[in-house]
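Coordinate analysis (summary)
So the chains spell out like this:
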Amino acid sequence: MADSTQSEKISSSHGSDGFVDASAGQKAPSPDKDSKSTPQAASIVRELIYWRDVKMSGTVFGVTLLLLLSLAAFSVVSVLSYLLLALLIVTISFRVFKSVVQAVQKSDEGHPFRAYMEKDISLSSESFSRYVDTGLRHGNCVLKQLSRLFLVEDLVDSLKLAVFMWLMTYVGAVFNGITLLIIAHILVFSIPVVYEKYKTPIDRYVGIVHNQVKSVVSKVQAKVPGLSKRKPE
């Protein structure tokens, strides 16, 4: 009787051990990569526009500005052709140079771009679906905002958009699209640094201007019927 009881305890302990092993063998769910990709991209952009690494930010700023200036002077086809031609000249020259060096030194180092050729640069279906879903989500948000503005859900916001578009007609008469992109590019790489350095006085003056604009809008909404926003019930 005692032996049977002891055997039952041993078998139950083995069973519980097996249950623990099975549960331990199950892999914990891996963290979502999508939740990490967006903060990482935002962090990289922030590091660039705030000039944390002066060499990297200067390189990105200079190359992008040169590309925009080239697009302002030449057509897109010409700029792309010259860029690809320059890239081919560099890679072919380096390939021939390494081949000559290997022939002179009688070494067998192989292809100089072998490390890059062996990398998997294919786009997986999961990554493609993730990018498409992200694009659709942002596109739907834009369409929702446009429908809200153009269908005059809020009269004040629609009037603000009308005034902004009217001002943009004057901007478009002076600057073309590439010129605006060049100006925006310069501002993106200069305003964050200036704001970080002079944050306190800028915030003070922006607050004063914001309060003045808010006061004027409130007075206009009070005097003109139909412009006041409805209070939620």
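The preceding data block contains the structure.
A few points on the structure.

Criteria and cut-off values
Residues numbered from 1 in each chain as written. Predicted model: local features only at pLDDT ≥ 70, side-chain atom pairs only at ≥ 80, totals over all residues. Heavy atoms only, no water. Helix = DSSP H or I, 4+ residues; strand = E, 2+ residues; numbered from the N terminus. Buried < 20%, exposed > 50% of the residue type's maximum accessible area, 1.4 Å probe, protein only. Contact = heavy atoms within 4.5 Å. Areas by Shrake-Rupley, 256 points an atom, 1.4 Å probe, with all protein chains shown as cover. 1 Å grid on protein atoms, 1.4 Å probe; cavity = no way out; pocket = protein on both sides within 12 Å on 5 of 7 lines; lining within 4 Å. Points joined across faces, edges and corners; volume = space filled by probe spheres on them. Nonpolar A, V, L, I, M, F, W, Y, C, P; charged D, E, K, R; others polar. Phe/Tyr/Trp six-rings, centres within 6.5 Å; stacked < 30°, edge-to-face > 60°. Lys NZ or Arg CZ within 6 Å of the ring centre and 35° of its normal.

Okay, the overall build of the protein next. For the protein, the helix and strand inventory stands at 10 helices and zero strands. Traced from its N-terminal end to its C-terminal end, the protein shows the element sequence α-α-α-α-α-α-α-α-α-α. Per-residue burial for the protein yields a buried fraction of 9% across its 233 residues. Expressed as a percentage of contacts within the protein between residues at least 6 apart in sequence, the contacts between residues at least 24 apart total 48%. Accessible area for the protein stands at about 19500 Å²; split by element, carbon and sulfur atoms hold 67% of it.

Before going further, it helps to examine the layout of surface pockets. One number sums up the size of the largest pocket: a volume of about 160 Å³. In terms of lining residues, the largest pocket is bounded by Val63, Leu66, Leu67, Ser70, Phe74, Val79, Tyr82 and Leu83. Put simply, the parts of the chain that give the lining of the largest pocket at least two residues each are helix H3 (54-73) and helix H4 (76-105). In terms of residues, the lining of the largest pocket owes the most to one element, H3, which gives four residues. Residues belonging to the lining of the largest pocket are distributed by class as follows: seven nonpolar, one polar and no charged.

So, on to the packing of aromatic side chains. Any aromatic ring pair is given by two values, namely how distant the centres are and how the planes are angled relative to each other. Counted according to the given criterion, the structure contains five aromatic pairs. With a centroid separation of 5.5 Å and 50° between ring planes, the pair formed by Phe94 and Phe113 is classed as tilted. Separated by 19 residues along the polypeptide, Phe94 in helix H4 and Phe113 in the loop between H4 and helix H5 (114-117) bring together distant segments of the chain. With a relative accessible area of 37%, Phe94 lands in the partly exposed category. For Phe113, a relative accessible area of 22% puts it in the partly exposed group. When the centroid spacing of 5.3 Å and the interplanar angle of 90° are considered together, the rings of Trp166 and Tyr170 count as edge-to-face. A residue pair is termed a helical-turn pair when its members lie 3 or 4 positions apart in one helix, as Trp166 and Tyr170 do in helix H7 (residues 155-174) at four residues. Members of the aromatic cluster, joined through ring pairs, are Trp51, Phe61 and Phe189. The cationic tip of Arg46 hangs over the ring face of Tyr50; the distance from NZ or CZ to the ring centre is 4.6 Å.

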